[in-house]
Amino acid sequence: MTATLTVDPVHPEPELIRVAALILKKGGLVAFPTETVYGLGALALHEETVRKIFAAKGRPATNPLIVHVLDEAMAKTVCATWPEQARAIAEALWPGPLTLILPRRDIVPLVVTAGLAAVAVRSPAHPVARALLAEVAEPIAAPSANLYTEISPTRAEHVRKGLSGKIDLILDGGPAGVGVESTVLDLTGPVPTILRPGAIVPSQIERVIGRIAVVSEHVRDEHARPSPGQSKKHYAPKAQLAIVAMGDAGLMQDRILRVRKLRGRVGVLIHSNIAVGQDGLVLRRLPKDPKEYAAALYDALHDLEDAGCSHILVEAVPPGEAWDAARDRLKRASA
Ligand code: AMP
Ligand code: MG
(Lines give C-alpha, C1' and ligand atoms only; values in the text may rest on other atoms or scores of the structure.)
(Ligands and ions follow the chains in the order given, each with its own letter.)
Protein backbone atom coordinates (compact mmCIF):
# COMPACT_ATOMS: atom_id res chain seq x y z
CA MET A 1 0.00 0.00 0.00
CA THR A 2 1.27 3.43 -0.91
CA ALA A 3 -0.16 6.23 1.20
CA THR A 4 -0.25 9.83 0.01
CA LEU A 5 -0.03 12.83 2.31
CA THR A 6 -0.69 16.30 0.97
CA VAL A 7 1.87 18.65 2.36
CA ASP A 8 2.20 22.44 2.20
CA PRO A 9 5.04 23.08 -0.27
CA VAL A 10 6.14 26.34 1.35
CA HIS A 11 5.57 25.63 5.04
CA PRO A 12 5.49 21.84 5.33
CA GLU A 13 3.50 20.65 8.35
CA PRO A 14 6.02 19.34 10.92
CA GLU A 15 3.74 16.44 11.91
CA LEU A 16 3.59 15.22 8.30
CA ILE A 17 7.35 15.53 7.90
CA ARG A 18 7.75 13.49 11.10
CA VAL A 19 5.58 10.71 9.66
CA ALA A 20 7.70 10.62 6.49
CA ALA A 21 10.97 10.77 8.44
CA LEU A 22 9.86 7.88 10.64
CA ILE A 23 9.17 5.73 7.58
CA LEU A 24 12.63 6.53 6.23
CA LYS A 25 14.22 5.79 9.61
CA LYS A 26 12.53 2.40 9.64
CA GLY A 27 14.04 1.63 6.24
CA GLY A 28 11.07 2.58 4.06
CA LEU A 29 10.78 4.44 0.75
CA VAL A 30 9.26 7.92 0.57
CA ALA A 31 8.69 9.94 -2.60
CA PHE A 32 8.91 13.66 -1.99
CA PRO A 33 8.98 16.86 -4.03
CA THR A 34 12.27 18.57 -4.80
CA GLU A 35 12.60 21.71 -6.90
CA THR A 36 13.78 19.63 -9.89
CA VAL A 37 11.49 16.55 -10.01
CA TYR A 38 9.99 14.22 -7.38
CA GLY A 39 12.64 12.07 -5.69
CA LEU A 40 12.36 8.53 -4.37
CA GLY A 41 14.09 8.69 -1.02
CA ALA A 42 15.74 6.17 1.28
CA LEU A 43 18.41 6.61 3.93
CA ALA A 44 21.64 6.85 1.92
CA LEU A 45 24.05 5.33 4.41
CA HIS A 46 22.28 1.98 4.76
CA GLU A 47 22.88 -0.56 2.05
CA GLU A 48 19.63 -2.45 2.57
CA THR A 49 17.40 0.62 2.30
CA VAL A 50 19.23 1.85 -0.79
CA ARG A 51 18.73 -1.52 -2.46
CA LYS A 52 14.98 -1.02 -2.10
CA ILE A 53 15.21 2.05 -4.35
CA PHE A 54 16.79 0.01 -7.13
CA ALA A 55 14.18 -2.73 -6.71
CA ALA A 56 11.20 -0.35 -6.76
CA LYS A 57 12.42 1.52 -9.84
CA GLY A 58 13.71 -1.51 -11.70
CA ARG A 59 16.91 0.50 -11.97
CA PRO A 60 20.09 -1.35 -12.92
CA ALA A 61 22.69 -1.51 -10.14
CA THR A 62 25.15 0.18 -12.49
CA ASN A 63 23.34 3.53 -12.17
CA PRO A 64 24.57 5.54 -9.19
CA LEU A 65 22.21 7.65 -7.06
CA ILE A 66 22.39 11.27 -6.00
CA VAL A 67 22.82 11.71 -2.26
CA HIS A 68 20.73 14.60 -0.96
CA VAL A 69 22.13 16.61 1.92
CA LEU A 70 20.86 19.51 3.98
CA ASP A 71 23.95 21.63 3.60
CA GLU A 72 27.70 21.76 3.08
CA ALA A 73 28.38 20.29 6.52
CA MET A 74 26.32 17.19 5.71
CA ALA A 75 27.92 16.99 2.26
CA LYS A 76 31.33 16.78 3.89
CA THR A 77 30.24 13.68 5.79
CA VAL A 78 29.88 11.76 2.51
CA CYS A 79 32.69 13.35 0.43
CA ALA A 80 36.32 12.40 1.12
CA THR A 81 37.55 15.79 -0.04
CA TRP A 82 35.92 19.19 -0.19
CA PRO A 83 38.00 21.38 -2.50
CA GLU A 84 37.83 25.17 -2.61
CA GLN A 85 35.71 24.91 -5.77
CA ALA A 86 33.11 22.87 -3.92
CA ARG A 87 33.08 25.38 -1.08
CA ALA A 88 32.63 28.32 -3.46
CA ILE A 89 29.89 26.58 -5.44
CA ALA A 90 28.03 25.49 -2.33
CA GLU A 91 28.15 29.05 -1.05
CA ALA A 92 26.92 30.56 -4.31
CA LEU A 93 24.54 27.98 -5.77
CA TRP A 94 23.33 25.72 -2.95
CA PRO A 95 20.71 24.90 -2.06
CA GLY A 96 19.65 24.44 -5.66
CA PRO A 97 19.43 22.23 -8.75
CA LEU A 98 23.15 21.46 -8.94
CA THR A 99 24.77 18.10 -8.12
CA LEU A 100 28.50 17.84 -7.38
CA ILE A 101 30.59 14.72 -8.01
CA LEU A 102 33.40 14.27 -5.47
CA PRO A 103 35.46 11.43 -4.04
CA ARG A 104 33.34 9.16 -1.86
CA ARG A 105 33.86 8.56 1.83
CA ASP A 106 33.78 4.97 3.02
CA ILE A 107 30.57 5.46 4.99
CA VAL A 108 28.70 5.70 1.66
CA PRO A 109 27.70 2.16 0.65
CA LEU A 110 29.07 1.20 -2.75
CA VAL A 111 25.56 0.34 -3.89
CA VAL A 112 24.84 4.11 -3.84
CA THR A 113 27.67 4.96 -6.21
CA ALA A 114 27.30 1.80 -8.31
CA GLY A 115 30.80 0.84 -7.26
CA LEU A 116 32.34 4.16 -8.34
CA ALA A 117 34.97 5.93 -6.26
CA ALA A 118 33.01 9.18 -6.53
CA VAL A 119 29.71 10.18 -5.00
CA ALA A 120 27.08 12.63 -6.27
CA VAL A 121 25.78 15.15 -3.71
CA ARG A 122 23.13 17.82 -3.89
CA SER A 123 21.48 20.14 -1.44
CA PRO A 124 17.89 20.62 -2.62
CA ALA A 125 16.10 23.95 -2.21
CA HIS A 126 12.54 22.63 -1.91
CA PRO A 127 11.17 23.29 1.60
CA VAL A 128 9.67 19.77 1.84
CA ALA A 129 12.96 18.10 0.88
CA ARG A 130 14.82 20.34 3.32
CA ALA A 131 12.39 19.70 6.17
CA LEU A 132 12.72 15.97 5.59
CA LEU A 133 16.53 16.14 5.57
CA ALA A 134 16.51 18.24 8.73
CA GLU A 135 14.19 15.78 10.48
CA VAL A 136 16.09 12.60 9.58
CA ALA A 137 19.39 14.48 10.08
CA GLU A 138 21.25 12.23 7.68
CA PRO A 139 21.75 12.01 3.91
CA ILE A 140 18.91 10.73 1.73
CA ALA A 141 19.57 8.95 -1.57
CA ALA A 142 16.92 10.02 -4.03
CA PRO A 143 16.79 9.34 -7.75
CA SER A 144 13.77 10.49 -9.70
CA ALA A 145 10.62 8.73 -8.46
CA ASN A 146 9.76 6.89 -11.67
CA LEU A 147 10.28 3.44 -13.12
CA TYR A 148 13.57 2.98 -14.94
CA THR A 149 13.53 4.55 -18.46
CA GLU A 150 10.18 6.26 -17.91
CA ILE A 151 9.65 10.02 -17.74
CA SER A 152 10.59 11.71 -14.48
CA PRO A 153 7.69 12.82 -12.30
CA THR A 154 6.95 16.49 -11.72
CA ARG A 155 3.70 15.80 -9.84
CA ALA A 156 2.58 13.30 -7.22
CA GLU A 157 0.16 11.78 -9.76
CA HIS A 158 3.11 10.90 -11.98
CA VAL A 159 4.78 9.13 -9.06
CA ARG A 160 1.60 7.20 -8.33
CA LYS A 161 1.33 6.12 -11.94
CA GLY A 162 4.69 4.36 -11.84
CA LEU A 163 5.34 3.40 -8.24
CA SER A 164 1.99 2.93 -6.51
CA GLY A 165 2.15 -0.25 -4.42
CA LYS A 166 5.95 -0.32 -4.56
CA ILE A 167 6.77 2.42 -2.07
CA ASP A 168 5.51 3.36 1.38
CA LEU A 169 4.57 7.01 1.07
CA ILE A 170 4.20 9.88 -1.37
CA LEU A 171 4.43 13.41 -0.01
CA ASP A 172 2.32 15.47 -2.40
CA GLY A 173 3.66 19.01 -2.42
CA GLY A 174 2.24 20.08 -5.78
CA PRO A 175 4.18 20.53 -9.02
CA ALA A 176 7.98 20.65 -9.00
CA GLY A 177 9.13 24.13 -10.03
CA VAL A 178 12.19 23.47 -12.20
CA GLY A 179 10.82 20.40 -13.94
CA VAL A 180 14.06 18.78 -15.17
CA GLU A 181 16.75 16.92 -13.24
CA SER A 182 19.69 18.76 -11.67
CA THR A 183 22.81 19.92 -13.46
CA VAL A 184 25.60 17.42 -12.68
CA LEU A 185 29.10 18.87 -12.27
CA ASP A 186 32.09 16.55 -11.90
CA LEU A 187 34.78 18.01 -9.63
CA THR A 188 37.02 14.93 -9.54
CA GLY A 189 39.06 15.70 -12.68
CA PRO A 190 41.56 18.43 -13.58
CA VAL A 191 38.80 20.57 -15.15
CA PRO A 192 35.31 20.82 -13.62
CA THR A 193 32.97 19.22 -16.13
CA ILE A 194 29.23 19.28 -16.63
CA LEU A 195 28.07 15.70 -17.17
CA ARG A 196 24.39 16.55 -17.42
CA PRO A 197 22.85 19.93 -18.27
CA GLY A 198 20.17 21.28 -15.95
CA ALA A 199 18.66 24.50 -14.66
CA ILE A 200 22.02 25.78 -13.41
CA VAL A 201 23.77 26.77 -16.65
CA PRO A 202 27.54 26.83 -17.38
CA SER A 203 27.86 30.63 -17.19
CA GLN A 204 26.45 30.64 -13.64
CA ILE A 205 29.07 28.14 -12.52
CA GLU A 206 31.87 29.91 -14.40
CA ARG A 207 31.07 33.13 -12.59
CA VAL A 208 31.97 31.30 -9.38
CA ILE A 209 34.93 29.05 -10.29
CA GLY A 210 36.10 30.13 -13.74
CA ARG A 211 36.32 28.02 -16.86
CA ILE A 212 34.56 24.66 -16.89
CA ALA A 213 34.03 22.02 -19.55
CA VAL A 214 30.83 20.46 -20.80
CA VAL A 215 30.89 16.83 -21.84
CA SER A 216 29.82 16.59 -25.45
CA GLU A 217 26.91 14.41 -26.42
CA HIS A 218 29.24 12.34 -28.54
CA VAL A 219 31.51 11.52 -25.62
CA ARG A 220 28.53 10.82 -23.43
CA ASP A 221 27.08 8.36 -25.88
CA GLU A 222 30.25 6.60 -26.95
CA HIS A 223 32.17 6.13 -23.74
CA ALA A 224 31.64 4.09 -20.66
CA ARG A 225 29.18 6.19 -18.72
CA PRO A 226 30.24 7.54 -15.40
CA SER A 227 26.73 8.91 -15.19
CA PRO A 228 23.44 7.05 -15.58
CA GLY A 229 21.32 9.90 -16.85
CA GLN A 230 23.67 9.76 -19.76
CA SER A 231 22.53 6.48 -21.13
CA LYS A 232 20.73 7.36 -24.33
CA LYS A 233 17.34 6.02 -23.49
CA HIS A 234 17.13 7.37 -19.95
CA TYR A 235 14.25 9.80 -20.25
CA ALA A 236 11.86 7.97 -22.45
CA PRO A 237 8.12 8.25 -22.89
CA LYS A 238 6.42 5.04 -23.98
CA ALA A 239 5.38 6.75 -27.19
CA GLN A 240 7.84 7.13 -30.03
CA LEU A 241 9.21 10.65 -29.91
CA ALA A 242 10.66 12.61 -32.81
CA ILE A 243 12.03 16.15 -32.97
CA VAL A 244 10.90 18.43 -35.79
CA ALA A 245 12.74 21.61 -36.86
CA MET A 246 11.65 24.77 -35.08
CA GLY A 247 9.16 27.18 -36.59
CA ASP A 248 8.31 25.10 -39.66
CA ALA A 249 4.56 24.52 -39.74
CA GLY A 250 4.69 22.86 -43.15
CA LEU A 251 7.23 20.31 -42.06
CA MET A 252 5.27 19.59 -38.89
CA GLN A 253 2.05 19.03 -40.88
CA ASP A 254 3.94 16.71 -43.16
CA ARG A 255 5.28 14.65 -40.26
CA ILE A 256 1.84 14.46 -38.72
CA LEU A 257 0.41 13.11 -41.96
CA ARG A 258 3.12 10.49 -42.19
CA VAL A 259 2.50 9.23 -38.66
CA ARG A 260 -1.22 9.20 -39.34
CA LYS A 261 -0.66 6.81 -42.21
CA LEU A 262 0.75 4.41 -39.63
CA ARG A 263 -2.60 4.78 -37.83
CA GLY A 264 -0.90 6.13 -34.77
CA ARG A 265 -2.41 8.59 -32.36
CA VAL A 266 -0.30 11.73 -32.66
CA GLY A 267 0.69 14.09 -29.90
CA VAL A 268 2.34 17.39 -30.80
CA LEU A 269 4.36 19.67 -28.53
CA ILE A 270 5.09 23.14 -29.85
CA HIS A 271 6.37 26.37 -28.34
CA SER A 272 6.53 28.82 -31.26
CA ASN A 273 3.58 30.48 -32.98
CA ILE A 274 3.25 27.89 -35.75
CA ALA A 275 -0.32 26.95 -36.51
CA VAL A 276 -0.87 23.22 -36.48
CA GLY A 277 -4.39 22.23 -37.29
CA GLN A 278 -5.67 18.73 -37.76
CA ASP A 279 -8.49 16.77 -36.21
CA GLY A 280 -7.73 14.19 -33.63
CA LEU A 281 -4.36 15.61 -32.71
CA VAL A 282 -3.40 15.94 -29.10
CA LEU A 283 -1.74 19.34 -29.21
CA ARG A 284 0.10 21.01 -26.33
CA ARG A 285 1.58 24.46 -26.63
CA LEU A 286 4.42 24.98 -24.17
CA PRO A 287 5.72 28.35 -22.90
CA LYS A 288 8.36 30.23 -24.93
CA ASP A 289 10.45 31.00 -21.88
CA PRO A 290 13.08 28.27 -21.35
CA LYS A 291 12.50 28.02 -17.59
CA GLU A 292 8.75 27.82 -17.99
CA TYR A 293 9.19 25.37 -20.84
CA ALA A 294 11.32 23.06 -18.72
CA ALA A 295 8.84 23.27 -15.87
CA ALA A 296 6.00 22.17 -18.16
CA LEU A 297 7.80 19.65 -20.38
CA TYR A 298 7.53 16.37 -18.43
CA ASP A 299 3.98 17.16 -17.40
CA ALA A 300 3.06 17.57 -21.07
CA LEU A 301 4.81 14.32 -22.01
CA HIS A 302 3.00 12.46 -19.21
CA ASP A 303 -0.23 13.98 -20.50
CA LEU A 304 0.31 12.89 -24.09
CA GLU A 305 1.28 9.44 -22.92
CA ASP A 306 -1.86 9.20 -20.79
CA ALA A 307 -3.92 10.33 -23.78
CA GLY A 308 -2.71 7.21 -25.57
CA CYS A 309 -0.41 8.88 -28.10
CA SER A 310 1.72 6.32 -29.91
CA HIS A 311 3.82 9.05 -31.51
CA ILE A 312 4.89 12.42 -30.17
CA LEU A 313 6.27 15.11 -32.45
CA VAL A 314 8.18 17.81 -30.60
CA GLU A 315 9.17 21.13 -32.11
CA ALA A 316 12.93 21.60 -31.63
CA VAL A 317 13.97 24.16 -29.01
CA PRO A 318 16.24 27.17 -29.70
CA PRO A 319 20.04 27.12 -29.33
CA GLY A 320 21.71 28.58 -26.23
CA GLU A 321 22.56 27.39 -22.74
CA ALA A 322 19.21 28.34 -21.26
CA TRP A 323 17.68 25.59 -23.40
CA ASP A 324 20.44 22.99 -22.84
CA ALA A 325 18.54 20.91 -20.28
CA ALA A 326 15.34 20.70 -22.33
CA ARG A 327 17.29 19.97 -25.52
CA ASP A 328 19.26 17.21 -23.80
CA ARG A 329 16.17 15.50 -22.38
CA LEU A 330 14.32 15.69 -25.70
CA LYS A 331 17.29 14.24 -27.52
CA ARG A 332 17.42 11.32 -25.10
CA ALA A 333 13.69 10.76 -25.26
CA SER A 334 13.92 10.54 -29.04
CA ALA A 335 16.92 8.20 -29.11
P1 AMP B 1 18.65 10.60 -11.31
O2 AMP B 1 18.84 10.64 -9.85
O3 AMP B 1 17.83 9.46 -11.79
O4 AMP B 1 18.22 11.92 -11.85
O5 AMP B 1 20.08 10.35 -11.97
C6 AMP B 1 21.25 10.35 -11.25
C7 AMP B 1 22.27 11.22 -11.90
O8 AMP B 1 23.34 11.44 -11.02
C9 AMP B 1 22.92 10.65 -13.12
O10 AMP B 1 22.40 11.17 -14.27
C11 AMP B 1 24.38 11.03 -13.03
O12 AMP B 1 24.60 12.13 -13.87
C13 AMP B 1 24.59 11.42 -11.65
N14 AMP B 1 25.51 10.60 -10.83
C15 AMP B 1 25.18 9.99 -9.69
N16 AMP B 1 26.26 9.43 -9.12
C17 AMP B 1 27.30 9.67 -9.91
C18 AMP B 1 28.68 9.34 -9.84
N19 AMP B 1 29.20 8.68 -8.80
N20 AMP B 1 29.47 9.73 -10.85
C21 AMP B 1 28.94 10.43 -11.88
N22 AMP B 1 27.65 10.78 -11.99
C23 AMP B 1 26.82 10.41 -11.02
MG1 MG C 1 15.91 9.36 -13.23
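Residues numbered from 1 in each chain as written. Chains lettered and ligands numbered in written order. Predicted model: local features only at pLDDT ≥ 70, side-chain atom pairs only at ≥ 80, totals over all residues. Heavy atoms only, no water.

Some words on the side chain of R104
Right, on to step 1. Following the sequence through the fold, R104 ends up in the loop between strand 5 (98–103) and helix 5 (110–113).
Right, on to step 2. Assessed through its relative accessible area of 18%, R104 is described here as buried.
Right, on to step 3. Non-local contacts of R104, meaning those with residues more than four positions away in its chain, are made with V78, A80, L110, T113, L116, A117, A118 and V119. (Helix = DSSP H or I, 4+ residues; strand = E, 2+ residues; numbered from the N terminus. Buried < 20%, exposed > 50% of the residue type's maximum accessible area, 1.4 Å probe, protein only. Contact = heavy atoms within 4.5 Å.)

Concerning the sheet that holds strand 15 (residues 311–315)
Strand pairing in a sheet is mediated by backbone hydrogen bonds. Such pairs are either parallel or antiparallel.
Right, on to step 1. The parallel open sheet is built from 4 strands, whose spatial order is 12-15-13-14. Looking at strand neighbours, the two that pair on one side only are strand 12 (240–244) and strand 14 (282–285), the edges of this open sheet. Averaged over all neighbouring strand pairs, the angle between strand axes comes to 15 degrees, with direction disregarded.
Right, on to step 2. With 4 bridges joining them, strand 13 (residues 266–270) and strand 15 adopt parallel strand pairing. Bridge pairing links G267 to I312 in strand 15. (Pairing = 2+ DSSP bridges. Axes fitted to C-alpha atoms, helices over the stretch in contact; angles between N-to-C directions.)

Quick notes on the nonpolar core
Right, on to step 1. W82, L100, L185 and I205 are the most contacted members of the largest nonpolar core, which totals 47 residues.
Right, on to step 2. When residues of this core are assigned to their parent elements, the largest contribution, 5 residues, is made by helix 4 (residues 84–93).
Right, on to step 3. Leaving out residues up to four positions away in the same chain, W82 has contacts with E72, A75, K76, R87, A90, W94, L100, L102 and V121.
Right, on to step 4. Formed by 25 residues, the second largest nonpolar core is a distinct cluster that contains V178, L286, V314 and V317. (Core = buried A, V, L, I, M, F, W, Y, C linked by side-chain atoms within 4.5 Å.)

Considerations on the sheet that holds strand 8 (residues 169–172)
Right, on to step 1. Spatial ordering of the open sheet is given by 1-8-2-3-7-4-6-5-9-10-11, a layout of 11 strands whose pairing is mixed. Either end of the sheet is taken by a strand with one partner, and the two such strands are strand 1 (3–6) and strand 11 (213–214).
Right, on to step 2. Strand direction decides the pairing type here: strand 5 and strand 6 (residues 118–122), joined by 4 bridges, are antiparallel. Bridged to L100 within strand 6 is V121.

Some details on the layout of surface pockets
In this approach a probe as big as a water molecule rolls over the atoms, and the regions it shows empty are the leftover space.
Right, on to step 1. Each pocket or cavity is described by its volume, and for the second largest pocket that value is around 250 Å³.
Right, on to step 2. Residue lining of the second largest pocket: 19 residues in total, with A199, P290, K291, A294 and A322 positioned closest to the centre.
Right, on to step 3. Every element with two or more residues in the lining of the second largest pocket is listed here: helix 11 (290–306) and helix 12 (324–333).
Right, on to step 4. With 4 residues, helix 11 is the single largest residue contributor to the lining of the second largest pocket.
Right, on to step 5. Grouping the constituent residues of the lining of the second largest pocket by class yields 13 nonpolar, 3 polar and 3 charged. (1 Å grid on protein atoms, 1.4 Å probe; cavity = no way out; pocket = protein on both sides within 12 Å on 5 of 7 lines; lining within 4 Å. Points joined across faces, edges and corners; volume = space filled by probe spheres on them. Nonpolar A, V, L, I, M, F, W, Y, C, P; charged D, E, K, R; others polar.)

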